[in-house]
Amino acid sequence: YADFIVNEVDMDGNVVRLTSLDVSPEMDVKEEEKTKSSDDAPQSYASAIESFRSISSVADAERLETLINQVTSGTDDEISPIVLDPSSDKSKRTAIHNFVKENFKFLVTDTVDGPGPTSKCIRVRGNSRDLNSRGKRSKKRKERGDKPFDSRGSEHWPEHVGKFLKFHLYKENKDTQEALGLIGKMLGVQPKSFGFSGTKDKRSVSTQRVTVFKQQPSKLAALNKRLFGIKVGDFCHVKEGLLLGQLMGNRFTITLRGVVANSEETIKKSAESLGKDGFINYFGLQRFGSGSVPTHHVGAALLKGEWKDAVDMILDPRESDILNEARGYYKETGDIDGTLRQLPRYLVAERAILQCLKKCPGNYLQALKGIPRTLRMMYVHSYQSYLWNNAASLRVQKYGTNQVVVGDLVSTKVDDAKRIVSSLTSEHKENNEEALDCDQLDDTAVVDLPGERSDLVKVVDIEDMKAGTYSTSDIVLPLPGSRVIYPSNDIAEIFHDLAKKDGISLTESIHGVKEFSITSMTGGYRRVFQKPIDFEWELLTYTDSNKPLAETDLDRITAETPMSKVESAESMKSDGNQDSEQTQLALKMALTLPSSCYATMAVRELLKTSTSVAYHKTLN
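Treat the numbers as computed from the prediction; the structure is a model and nothing was measured.

Undergrad: Just to check I follow, could you spell out the overall build of the chain for this structure?
TA: Looking only at helices and strands, the chain has 23 helices and 18 strands in total. Per-residue burial over the chain gives 48% buried out of 620 residues. Long-range pairs, those at least 24 residues apart, make up 77% of the contacts in the chain with a sequence separation of at least 6. For the chain, the computed accessible surface area is about 31000 Å², with 48% contributed by carbon and sulfur atoms.

Undergrad: Looking at this model, I keep getting lost on the nonpolar core. Mind explaining?
TA: Grouped burial of nonpolar side chains is what soluble globular proteins tend to show. Ranked by internal contacts, the top residues of the largest apolar core, which has 92 residues, are Ile254, Leu302, Ile353, Leu368, Ile371 and Met589. It is helix α15 (residues 373-399) that contributes the most residues to this core, twelve residues altogether. Non-local contacts of Ile254, meaning those with residues more than four positions away in its chain, are made with Asp3, Phe4, Leu587, Lys588, Met589, Leu591, Ala599 and Val603.

Undergrad: Honestly, the pairing of strand β4 (residues 120-126) in this entry has me stumped. Any pointers?
TA: Each regular strand carries side chains that alternate between the two faces of the sheet. Two strands pair when backbone bridges link them, and strand β2 (residues 82-83) and β4 are joined in this way by two bridges, in the antiparallel orientation. Paired with Ile82 across the two strands is Val124, which belongs to β4. Both strand β3 (residues 107-113) and β4 contribute to a ladder of seven bridges, which runs antiparallel. Across the sheet, Asp113 pairs through a bridge with Lys120, a residue of β4. Counting the residues that bridge the hairpin from β3 to β4 gives six residues.

Undergrad: Is there a simple way to explain the packing of aromatic side chains in this structure?
TA: Here a ring pair, both rings aromatic, is described through the centre-centre distance and the interplanar angle of the planes. All chains considered together, the criterion is met by 13 aromatic pairs. Ring plane angle 45° and centroid distance 5.8 Å describe the contact between Phe52 and Phe99, whose orientation is recorded as tilted. Taken together, the positions of Phe52 in helix α1 (residues 46-55) and Phe99 in helix α3 (residues 90-103) put the pair 47 residues apart, joining distant regions of the chain. Here Phe52 matches Phe99 in class, with each residue buried. Relative to Phe235, the ring of Phe167 lies with its centre 6.5 Å away and its plane at 40°, an arrangement referred to as tilted. In this pair, Phe167 sits in strand β5 (residues 164-172) while Phe235 sits in strand β8 (residues 230-238), placing the two residues 68 residues apart along the sequence.

Undergrad: What should I look at first to understand the packing of helix α10 (residues 307-315) against helix α13 (residues 348-359) in this one?
TA: Contact geometry for α10 and α13: axes closest at 10 Å, N-to-C directions at 130°. Of the possible angle classes, the one that applies to α10 and α13 is oblique. As for the relative orientation of α10 and α13, their crossing is left-handed in sense. Note on element contacts: α13 touches α10 through Ala349, Glu350, Ile353, Leu354 and Leu357, opposite Val311, Ile314 and Leu315. Among the residues forming the contact of α10 with α13, the class breakdown is seven nonpolar, no polar and one charged.

Undergrad: Explain the pattern of salt bridges to me, please; I cannot follow it from the model alone.
TA: Side chains that carry opposite charge are capable of pairing whenever their charged atoms lie near each other. The final tally for this structure, using the stated rule, is 27 salt bridges. A salt bridge links Asp553 to Arg556; its shortest N-O distance comes to 3.0 Å. With Asp553 and Arg556 both in helix α20 (residues 553-558), this residue pair falls three residues apart, about one helical turn. For Arg556, a relative accessible area of 43% corresponds to the partly exposed category. The network of salt bridges with common partners includes Arg17, Glu551, Asp553 and Arg556.

Undergrad: I would appreciate a short explanation of the sheet that holds β3 in the present structure.
TA: Taken in spatial order, the three strands of this open sheet run β2-β4-β3, and their pairing is antiparallel. Looking at the sheet topology across the chains shown, the edges are occupied by β2 and β3. Each of β3 and β4 is contacted by α3, which is oriented at about 160° to β3, the strand it contacts most.

Undergrad: It is not clear to me how the environment of Gln208 should be interpreted in this structure. Could you clarify?
TA: Considering the arrangement of structural elements, one finds Gln208 in strand β7 (residues 205-213). Judged by relative accessible area, Gln208 falls into the buried class, the value being 0%. It is 7.5 Å that separates the C-alpha atoms of Gln208 and Arg17, two residues lying 191 residues apart in sequence. Apart from residues lying up to four places away in sequence, Gln208 is in contact with Glu8, Val16, Phe167, His168, Leu169, Lys171, Thr176, Phe196, Gly198 and Lys200. Polar side-chain contacts of Gln208 include one of 2.9 Å to the side chain of Thr176.

Undergrad: It is not clear to me how the side chain of His296 should be interpreted in this structure. Could you clarify?
TA: Looking at the secondary structure, you find His296 in helix α9 (residues 295-303). Judged by relative accessible area, which is 11%, His296 ranks as buried. Beyond its immediate chain neighbours, meaning those up to four positions away, His296 contacts Phe288, Tyr379, Ser382, Tyr383 and Tyr386.

Scoring rules and cut-offs
- Residues numbered from 1 in each chain as written.
- Predicted model: local features only at pLDDT ≥ 70, side-chain atom pairs only at ≥ 80, totals over all residues.
- Heavy atoms only, no water.
- Helix = DSSP H or I, 4+ residues; strand = E, 2+ residues; numbered from the N terminus.
- Buried < 20%, exposed > 50% of the residue type's maximum accessible area, 1.4 Å probe, protein only.
- Contact = heavy atoms within 4.5 Å.
- Areas by Shrake-Rupley, 256 points an atom, 1.4 Å probe, with all protein chains shown as cover.
- Core = buried A, V, L, I, M, F, W, Y, C linked by side-chain atoms within 4.5 Å.
- Pairing = 2+ DSSP bridges.
- Phe/Tyr/Trp six-rings, centres within 6.5 Å; stacked < 30°, edge-to-face > 60°.
- Axes fitted to C-alpha atoms, helices over the stretch in contact; angles between N-to-C directions.
- Parallel < 35°, antiparallel > 145°, perpendicular 65-115°, else oblique.
- Left-handed = near helix turned anticlockwise from the far one by under 90°.
- Nonpolar A, V, L, I, M, F, W, Y, C, P; charged D, E, K, R; others polar.
- Salt bridge = Lys/Arg side-chain N within 4 Å of Asp/Glu carboxyl O.
- Polar contact = N/O pair within 3.5 Å; in protein donor to acceptor, adjacent residues only side chain to side chain.

Now the structure itself:
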């Protein structure tokens with residue numbers, strides 16, 4: 001897995017690395033003990049109750065004090081409301097209503113009929129919604145054994161210490177969500193307690209930042225002895241948790257083994273060309289899923305309102321799928337419980353759909369909405385990506401890679417445009433707590449374009465061409481949505497032509513479900529050409545295919561340096577004792593890419609070969 005190393009790059013441009021597994025004892029937070037003067041202790045309301053006497057009566061004040069004592073004690077017994085003395089004075093009743101609302105937010109009041117024809121009484125009771133939110137009398141909480149809903153740590157956290165523990169997560173051959181799931185299980189916390197800026201490739205060695213709410217560093221550090229293929233370290237407390245999209249990009253260290261070329265000069269030219277000219281900034285094939293049914297086909301069905309077809313595509317048996325037996329079993333029998341027993345938990349979408357169909361048979365739209373929002377939106381986003389990739393191909397075929405032409409769409413302000421092109425949708429940020437299907441999601445999302453930023457792109461005109469204002473690095477193409485503009489040349493046509501072939505309109509919605517409507521999405525822009533940042537490369541020779549050729553963060557910590565057993569291609573040439581038949585050539589390169597870019601597309605440009613699974617199977 002060390003042939004593909006990914007290190008997150010934070011918003012300040014720092015490469016995130018695992019540098020220490022240790023934690024000093026003083027880092028643990030000393031929690032403050034709850035004192036008798038705590039906000040919800042009965043005596044803290046004494047002065048308010050005394051003030052209440054002045055607008056009511058002594059008897060009413062005593063009743064109210066008894067009720068407050070019952071409510072704030074946290075008892076599980078049923079608490080009966082109290083009824084205050086009757087009054088025909090409406091202004092007095094209004095004053096009491098307002099007083100209770102302002103001073104006792106955990107109580108609610110209403111008016112009931114009094115004993116006389118004109119008198120009314122105020123009834124006071126506990127605010128069940130407030131109590132449930134505070135966990136006092138929630139039935140679910142009792143069932144959970146008095147654990148908080150998301151186990152988000154202690155109530156007695158000191159105010160001067162950041163409530164979030166930030167740490168660096170190092171993982172090998174693990175999804176981000178899978179790794180955090182294991183850590184969460186060991187800590188006894190819910191997945192929603194964790195924050196991260198993006199998921200990292202499973203088949204890799206990766207390091208990224210993670211935040212968790214109100215946890216002690218020593219508790220996490222202790223897990224290192226129990227975790228396999230996962231390490232945590234570099235702990236510190238911060239005030240805010242991480243959200244999806246809060247990263248500048250990723251630093252990749254990629255080793256390509258078994259490199260064969262006419263000469264080393266050919267390899268050198270290819271590597272230098274990638275560094276100088278960059279690559280077409282396609283969405284990588286992983287965006288469209290690894291199954292035989294591409295995710296953009298599901299997205300097309302959703303945009304057309306074909307709910308059953310979309311469900312069938314997600315659930316139906318597929319070619320070369322190890323879970324075909326479970327899928328086939330459901331197709332033949334319709335036995336949901338039996339199928340769920342066979343499906344692993346990481347198949348989030350399939351399990352969510354089946355669980356919803358069990359409750360609401362035949363309601364396919366509701367079943368689709370049962371999929372976590374971040375994941376279900378991936379299908380629609382992948383259709384946008386499909387259109388964008390095709391438009392990018394046509395742009396390169398017609399006008400090449402080294403010129404701006406009239407009608408091209410360009411970003412007008414480089415800094416702001418970078419923020420647009422590399423940012424994630426606000427809806428993704430809002431749904432950070434949703435589960436992700438990390439096999440199919442990367443840390444790229446479709447870009448939203450707020451209305452006030454629509455001036456950051458423009459169509460190139462003749463005046464721009466004469467002035468030479470823009471270069472190919474400024475060219476962008478839209479991701480279809482309600483707020484984007486299209487190029488004014490023939491490239492715009494491919495968006496509408498492809499969508500029309502799929503029975504989809506990019507300007508009108510044929511159903512009323514907004515989240516599955518392309519006209520309800522704002523859309524955005526993506527740079528057509530991308531150059532790697534801080535690009536480095538070297539040729540290496542090796543004899544053992546199982547020995548790593550690149551150093552991981554963990555190697556540095558444990559002082560196990562694989563590079564000590566690797567020689568450069570130049571030194572191998574000068575060593576006459578080496579058996580040339582046993583040696584192979586490897587190209588190791590390091591590059592930084594914005595979060596919206598795929599390293600696989602850089603490799604594709606370097607090798608001039610397809611990145612499809614089918615093609616790579618032929619290489620094996």
